[in-house]
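Structure at a glance
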Amino acid sequence: KGLTPADKGRLLHEVLQSLFGGLAANAAALPVFRTRDEIVNAEATNRLPGVLEAHIDAVFQVYFDPVSDDPWQRAYLAAEKRRLQIRLTDWLACEARRHPFTVEACEESLPDVHVGDLRLRLRADRIDLLPDGSRLLLDYKTGRISPAAWKGNRPDEPQLPLYATYGNVENVSGVLFAKIRAGETEFEGRVRDARAQLSADFGTKQVIVTDPYTDTMRDGWARALANLALEFLQGVATVTPREPDRKSTRLNSSHITI
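In this text the structure is predicted, and so the values were computed from the model without any measurement.

Considering every residue of the chain, the mean pLDDT works out to 88; 88% of them sit at 70 or more. Mean pLDDT across the elements of the chain bottoms out in helix α2 (residues 24-27) (55) and peaks in helix α7 (residues 194-197) (98). Under a pLDDT of 50 for its full length, residues 246-253 has, in the predicted model, 17 contacts with residues more than four places off or in other chains.

By size, the foremost hydrophobic cluster in this structure holds 41 residues, and its most contacted members are Phe-20, Phe-33 and Phe-187. Of all elements in the fold, only α1 (5-19), α3 (36-44), α4 (48-63), α5 (71-96), β1 (102-115), β3 (135-141), β4 (172-179) and β5 (186-191) reach the threshold of two or more residues within this core. Broken down by element, this core gets its largest block of residues, eight residues, from α5. Aside from chain neighbours lying at most four places away, what touches Phe-33 is Leu-19, Phe-20, Glu-38, Ile-39, Ala-42, Leu-48, Val-51, Leu-92 and Val-103.

Of the residues making up α3, those classed as buried are Arg-36, Ile-39 and Ala-42. Buried residues in α3, looked at end-on, bunch into an arc of 130°, giving them a common side. Residues of α3 that are buried make contact with α4 and α5. Of the residues one or two after α3, Asn-46 is the one with positive phi, at around 60°.

Here we come to the environment of Val-115. Inspection of the secondary structure puts Val-115 in strand β1. A C-alpha to C-alpha distance of 8.4 Å links Val-115 and Leu-230, two positions 115 residues apart in sequence.

The buried fraction of β4 amounts to eight of the eight residues, a majority that puts the element mostly inside the structure. Here β3 pairs with β4 via seven bridges, running parallel. Looking at β4, one finds that Leu-136 is bridged to Gly-174.

Attention now moves to the packing of aromatic side chains. Counted by the stated rule, this structure contains seven aromatic pairs. Aromatic pair Tyr-63 and Phe-64: ring centres 6.5 Å apart, planes at 55°, arrangement tilted. Aromatic pair Trp-72 and Tyr-76: ring centres 5.0 Å apart, planes at 10°, arrangement stacked. Of this pair, Trp-72 and Tyr-76 both sit in helix α5, four residues apart, which is roughly one turn of the helix. Among the residues examined, Tyr-76 registers a relative accessible area of 18% and is labelled buried. Through a chain of ring-to-ring contacts, the aromatic side chains of Trp-150, Phe-177, Tyr-213 and Trp-221 assemble into a single cluster.

Now for the pattern of salt bridges. All told, the structure shown has 24 salt bridges when counted by the stated rule. Residue Glu-80 pairs with Lys-8 through a salt bridge whose shortest N-O separation is 3.7 Å. Of this pair, Glu-80 sits in helix α5 while Lys-8 sits in helix α1, placing them 72 residues apart in sequence. Classification of Lys-8 as partly exposed rests on a relative accessible area of 28%. Through salt bridges that share partners, Arg-144, Lys-179, Arg-181, Glu-184, Glu-186 and Glu-188 make up one connected network.

What follows is about the environment of Glu-43. Residue position: Glu-43 is located in helix α3. Measuring from C-alpha to C-alpha, the distance between Glu-43 and Leu-92 comes to 9.1 Å, with 49 residues separating the pair along the chain. Among residues more than four places away in sequence, those in contact with Glu-43 are Leu-48, Leu-92, Ala-93 and Ala-96.

Viewed as axis vectors pointing N to C, α1 and α4 meet at an angle of 125°, and their least axial separation amounts to 9 Å. Overall, the two elements α1 and α4 adopt an arrangement that is oblique. The way α1 lies across α4 gives a crossing that is right-handed. Residue-level contacts link Arg-10, Leu-11, Glu-14, Val-15, Ser-18 and Leu-19 of α1 to Val-51, Leu-52, His-55, Ile-56, Val-59, Phe-60 and Tyr-63 of α4. When grouped by side-chain class, the residues that make up the contact of α1 with α4 number nine nonpolar, two polar and two charged.

A separate point is the side chain of Ser-173. Looking at the element boundaries, Ser-173 is found in strand β4. Accessibility expressed as a relative area gives 2% for Ser-173, which makes it buried. In this structure the side chain of Ser-173 is engaged in a polar contact, spanning 2.9 Å, whose partner is the side chain of Ser-134. In this structure, Ser-173 is in contact with Leu-130, Ser-134, Arg-135, Leu-136, Arg-190, Val-191, Arg-192, Gln-197 and Tyr-213, ignoring residues within four places of it in sequence.

About the cut-offs
Residues numbered from 1 in each chain as written. Predicted model: local features only at pLDDT ≥ 70, side-chain atom pairs only at ≥ 80, totals over all residues. Heavy atoms only, no water. pLDDT = per-residue confidence, 0-100. Helix = DSSP H or I, 4+ residues; strand = E, 2+ residues; numbered from the N terminus. Contact = heavy atoms within 4.5 Å. Core = buried A, V, L, I, M, F, W, Y, C linked by side-chain atoms within 4.5 Å. Buried < 20%, exposed > 50% of the residue type's maximum accessible area, 1.4 Å probe, protein only. Arc of directions from axis to C-beta. Pairing = 2+ DSSP bridges. Phe/Tyr/Trp six-rings, centres within 6.5 Å; stacked < 30°, edge-to-face > 60°. Salt bridge = Lys/Arg side-chain N within 4 Å of Asp/Glu carboxyl O. Axes fitted to C-alpha atoms, helices over the stretch in contact; angles between N-to-C directions. Parallel < 35°, antiparallel > 145°, perpendicular 65-115°, else oblique. Left-handed = near helix turned anticlockwise from the far one by under 90°. Nonpolar A, V, L, I, M, F, W, Y, C, P; charged D, E, K, R; others polar. Polar contact = N/O pair within 3.5 Å; in protein donor to acceptor, adjacent residues only side chain to side chain.

The structure is reproduced here in structure tokens:
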């Protein structure tokens, strides 16, 4: 039996959580990255492949028998490990090109979240602290996704706007999809000043630069999400698709629990 897309996504999340020090069981035994400079140093000293392989092996051992006598399963899992190593090597190269940052939290539970009378339990993939004291909220994605989904009164994939507006994270200066896909390994999102706070590699005409994260944007998200929460509590089930093939806004996710 092969891995489903959901299985692959879970494994990728857990390897990243382990790699950035978010798994206590691995923290004492494996080297972890807490800062951009640690990633850059590992690249420069050719330690990155070994560190990454160790974290992938550690996560796979939790879910799969490392001494399985099934040759097909051994070959399949070895191929999946290689695929993950390639994807995450590309991703860490993307992280290394950023301005300095410190990973403040991984898979962080955001406590006491209320959207009006709706109480939620949220969990952020990652929170990065920047030298200016502000924070970026990251959500790892392996599928096709765009920040354009956050526009309007019924935003799709609203996790990051929800974390920014109601997650009780102080001094947020941006929300980002960390896209980890073959040929599409990049950051997409909204940042107050992407070239100064994330990477100078962004072109001046890229959307992440021309459409920055602002207080007005955040307040618009807050109003839209508050209205959706009120509709949910009132049992409103009107079909008002944003697009012909979309029937509802996806408020719930693996990182949002009502």
